[in-house]
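# Descriptive analysis of the structure
What follows is each chain in one-letter form.
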Amino acid sequence: MKTFQIHIAGVVQGVGFRPFIYNLACKMNLSGWVSNTSSGVYIQINGDEKVAEQLLNEIIVAAPKKSIITSHSIKEVAEKDFDQFSINESFEGENDDRIITPDYAICDKCIEELKDPGNRRYNYAFITCSHCGPRYSIIKDLPYDREQTSMQAFNMCEECKKEYKNPNDRRFYSQTNSCPTCGINLSLYDYEKGDVFGDSTVLIKKAYETIEQGKIIAVKGIGGYMLMADATNPKTIQLLRQRKHRPHKPFAVMVKDVEMLQEHASLSSKQEEYFLSDSAPIVLLESKKDSSIVLDEIAPELNEIGLLRPYSPLHYQLMAAVNRPLIATSGNLSGSPIIFEDDKVVDELKGIADMILMHDRKIIAPQDDSVIRFTKDDQAIVIRRSRGIAPNFIRNKENNKKSILAMGAMLKSTFTLLYKGNSIVSQYIGNSNSYETQLNYVNDLSHVEDLLDFSADLILSDKHPGYFTSELAEELAIKLNVKNYKIQHHEAHFTAVLGEHQLWDSEVLGFVWDGTGLGNDDNIWGGEVFYYKDNQLKRMHHLPYQKHILGDKMVNETRISALSFFHNISGSKEILRKKFNDLEWDIYSKQYDSSALLTSSMGRLFDAVASVLGIINISSFHGQAAMLLEASALRCKEKYSLSPFSIFNDKNEFELTVLLEEIITAIDNGLSVSIIAARFHHSLVTYIEWIAGQEKCKKLSFSGGVFQNKLLVELINEKLKPKYELYFHKELSPNDESISFGQLMHYLHITSNKPPL
Ligand SMILES: [Zn+2]
Ligand SMILES: [Zn+2]
């Protein structure tokens, strides 16, 4: 009898694909086998070509929800006779199209079993099935099989083996299968008393009692250790802020389920979908006034709160026991990456946590929680792409077989690999200014390279020579004896959004607004407008240059941006002078006069405006001023109907000075801060419209951290959608996380960047 082979590549491992094929083949009375390989799933069956095609069609139509098929093929192979259909041992594939499966939050069926006293996994904090549980964070190598994950340390008991082998079981072929008899062990460490003994119910009870006493506990999650504390207790939150050295940056809050969420925030059906999704991200939602969550302490001066569901069974049990919202923030000191190594955690969280709830399933790849916010029309803005979403690929295949490594920027570092034509974008790794983050960056990169058997033929990095990623790029290029191309930061932002939407055949104007990036003229860019056509980029416009003074101090102290932007604005001196003591004023003024470095940064303009409005003079975390300025504008009731400030001079041309003067006049006239903040947002949209009108281009795209601002995005949509086609990032974040992908797109699609190799 003829034998046909089907090959399917994509996200097809760890999503219940083999059991699905098995059941389908049995239903169709086929004999043969299915097997995982590092390059996807292979199937062989007895039958003619028509039968093989029928099977493939059925697979494509009914594939498991979480799978993503990127390619498939059928071919006839040497005849073999099979007497039944079976799932075969995995084998090494042809190294084609390896794709990594992300972690999945606990599914509804597993939650039911977890709560069911009659179930053998009742209260088992590590319950999983073929459709849920950790994947990327525990994978040591591909193909995805138990021996290649940190589940290797646990041998399945007879009962678990039975489930694993039973095609009708939810855990048929589930690589993470375990139970209280054979599985993962929970343990609890108390900093005062040492190890706490007892079964898991006792330990979880002890943990939630500790939380109820207003203490802080660390809980080992999927991608790392998380600090958890009562979100309704202001004293606890103040204590956590002190211990973490994190005075203002908002904390995320875990709520048990949608019902609990609705006590604290309102939720649209689209937002609910995200909240309940397999990736279980933090969703930023407008908080309710009567919420018992202490908003002033959790998200000072902000109107939104980040909420997420218990994505692991351990979190679920804890939440069910405490039955109140808990702060859920990464276990670390502010500015450091999430802690994930068991042998280090006790030392590293000393003085931060009171207790640690841990377990003996090792985390291989650390991940933070992903964060998403929404405009009022439910347009999602990705703020952080990590657990449950990354590393994954942007779903457009590139026609280039090279292996390219793009190393990203600094503050929100990521890397992107071009691998067999797929772009694989890493999770958010963090601010690579910190030494620990640098270590994580190197580890994450070599882990993914190992998984994919990847070795770069070419390296791309940011033009800024001082970034850790730029320095590492140079080192790697020498080590691997490959070329290293430098790509301008804002151009990479633009090509990232062009790449996400595949706009290579269009004419597009790109607004790239962010804080900092080294420009091609050696000034600090950040308020840029580019034009793209026929694989060429051109910088068309930028925010008028202002003096960039005092280096990084300017980024941290918004009052210095105010000094620079408002320096020559009439009526501003009195406002500015009050922000500095005599000595500072003297030194900074001299710095201003002598500085030659210039900046066109939109982020600094936000800082300057936030400072003159008295919102903030010194930031305690990156992007704080812009967040507060937006929050102030959002609090304004008439925010959508206000008129912009004038931004045009007598010749009807944009002039920044006009806008800045209008702001000072509005302050002098006693207009409220939130009205001025909102009108400032409107003015920026007028500015965009003016530039678009000048360039006569119908497609407008937006990238850069400034476009995390939902009010700005809402106003752009409202005012410009009728006249223009608007392109925002979809799967990627507008912030620097998208730079690595943009570097890759720049290399692949911009002619000027393609010197012969
Ligand atoms: Zn499940
Ligand atoms: Zn078992």
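First, a word on what this report is: a plain description of the structure on this page. (Residues numbered from 1 in each chain as written. Chains lettered and ligands numbered in written order. Predicted model: local features only at pLDDT ≥ 70, side-chain atom pairs only at ≥ 80, totals over all residues. Heavy atoms only, no water.)

Now for a negative patch on the surface. Together, D48, E49, E53, E76, E79, D81 and D83 make up a region of like negative charge exposed at the surface. One can find E49 in helix α2 (residues 49–62). (Patch = residues over 30% accessible without salt bridge, like charges linked within 9 Å, V, L, I, M, F, W, Y side chains within 5 Å. Areas by Shrake-Rupley, 256 points an atom, 1.4 Å probe, with all protein chains shown as cover. Salt bridge = Lys/Arg side-chain N within 4 Å of Asp/Glu carboxyl O. Lys, Arg positive; Asp, Glu negative; His and termini not counted. Charge placed at Lys NZ, Arg CZ, Asp CG, Glu CD. Helix = DSSP H or I, 4+ residues; strand = E, 2+ residues; numbered from the N terminus.)

Most of strand β12 (residues 304–308) is tucked away, with five of its five residues classed as buried. Where burial is concerned, the two faces of β12 agree: the one with E304, G306 and L308 and the one with I305 and L307 are both buried. Sheet topology places strand β10 (residues 252–254) next to β12; three bridges connect them, and they run parallel. The residue of β12 that forms the bridge with V253 is L307. One ladder, built from four bridges, connects strand β11 (residues 282–286) with β12; its direction is antiparallel. Note on β12: the bridge partner recorded for L285 is I305. (Buried < 20%, exposed > 50% of the residue type's maximum accessible area, 1.4 Å probe, protein only. Pairing = 2+ DSSP bridges.)

Here we take up the packing of aromatic side chains. Given two aromatic rings, their pairing is described by the distance between the two centres and the angle made by the two planes. Under the criterion given, the structure shown has 27 aromatic pairs. With a centroid separation of 5.2 Å and an interplanar angle of 65°, the aromatic rings of Y22 and F172 are classed as edge-to-face. With Y22 in helix α1 (residues 17–27) and F172 in the loop between α4 (158–165) and β6 (186–190), the pair connects residues that are 150 residues apart, well separated along the chain. The same class applies to Y22 and to F172, which are both buried. Arranged with centres 5.8 Å apart and planes meeting at 75°, the rings of F415 and Y441 form a pair that is edge-to-face. Placement of F415 in the loop between β18 (404–406) and β19 (416–419) and of Y441 in helix α12 (residues 435–452) is noted, with a sequence separation of 26 residues between them. Under the relative-accessibility criterion, Y441 is labelled buried at 0%. Sitting over the face of the ring of Y104, K66 holds its NZ or CZ atom 5.0 Å from the ring centroid. (Phe/Tyr/Trp six-rings, centres within 6.5 Å; stacked < 30°, edge-to-face > 60°. Lys NZ or Arg CZ within 6 Å of the ring centre and 35° of its normal.)

Once that is clear, we can look at the coordination of the zinc ion (ligand 2). Coordination sphere of the zinc ion (ligand 2), protein contribution only: C157 (SG), C160 (SG), C179 (SG) and C182 (SG), at 2.2 to 2.3 Å. Coordination geometry of the zinc ion (ligand 2): the four donor atoms subtend angles of 104 to 117° at the metal centre, consistent with an arrangement described as tetrahedral. Sequence spacing of the donors to the zinc ion (ligand 2): C-x2-C-x18-C-x2-C. Accessibility classification places C157 together with C160 in one group, the buried group. (Donors = N, O, S within 2.8 Å, 3.2 Å for Na, K, Ca; no water. Tetrahedral: all angles 85-135°; square planar, octahedral: opposite > 155°, others 65-115°.)

The next point concerns the coordination of the zinc ion (ligand 1). Within the protein, the zinc ion (ligand 1) binds to C107 (SG), C110 (SG), C129 (SG) and C132 (SG); these donor distances fall in the range 2.3 to 2.4 Å. Seen from the zinc ion (ligand 1), its four donor atoms lie at angles of 106 to 115°, and the figure they make is tetrahedral. Read N to C, the donor residues that coordinate the zinc ion (ligand 1) are spaced as C-x2-C-x18-C-x2-C. Just as C107 is buried, C110 falls in that class too.

For the rest of this paragraph, the subject is the environment of F654. You can see F654 is positioned in the loop between α20 (624–634) and α21 (656–668). With a relative accessible area of 11%, F654 lands in the buried category. Along the sequence, F654 and T686 sit 32 residues apart, while their C-alpha atoms lie 9.5 Å from each other.

Oppositely charged side chains may form a pair once their charged atoms are brought near each other. Applying the stated criterion across every chain, the model contains 31 salt bridges. Between E557 and K553 there is a salt bridge; the shortest N-O distance is 3.0 Å. E557 sits in the buried class, given a relative accessible area of 9%. One continuous salt-bridge network, built from bridges that share partners, spans R120, R121, E159, K162 and E163.

In this section: the packing of α21 against helix α22 (residues 673–695). Pairs of packed helices are described in terms of their axes, by the angle between the two and the distance that separates them. Relative to each other, α21 and α22 sit at 165°, their axes nearing to 11 Å. Here α21 is positioned roughly antiparallel relative to α22, judged by the angle of their axes. α21 and α22 meet at a crossing whose hand is right-handed. Judged by residue contacts, L659, I663, A666 and I667 of α21 engage I676, F680 and S683 from α22. In terms of residue class, the contact of α21 with α22 is built from six nonpolar, one polar and no charged. (Axes fitted to C-alpha atoms, helices over the stretch in contact; angles between N-to-C directions. Parallel < 35°, antiparallel > 145°, perpendicular 65-115°, else oblique. Left-handed = near helix turned anticlockwise from the far one by under 90°. Contact = heavy atoms within 4.5 Å. Nonpolar A, V, L, I, M, F, W, Y, C, P; charged D, E, K, R; others polar.)

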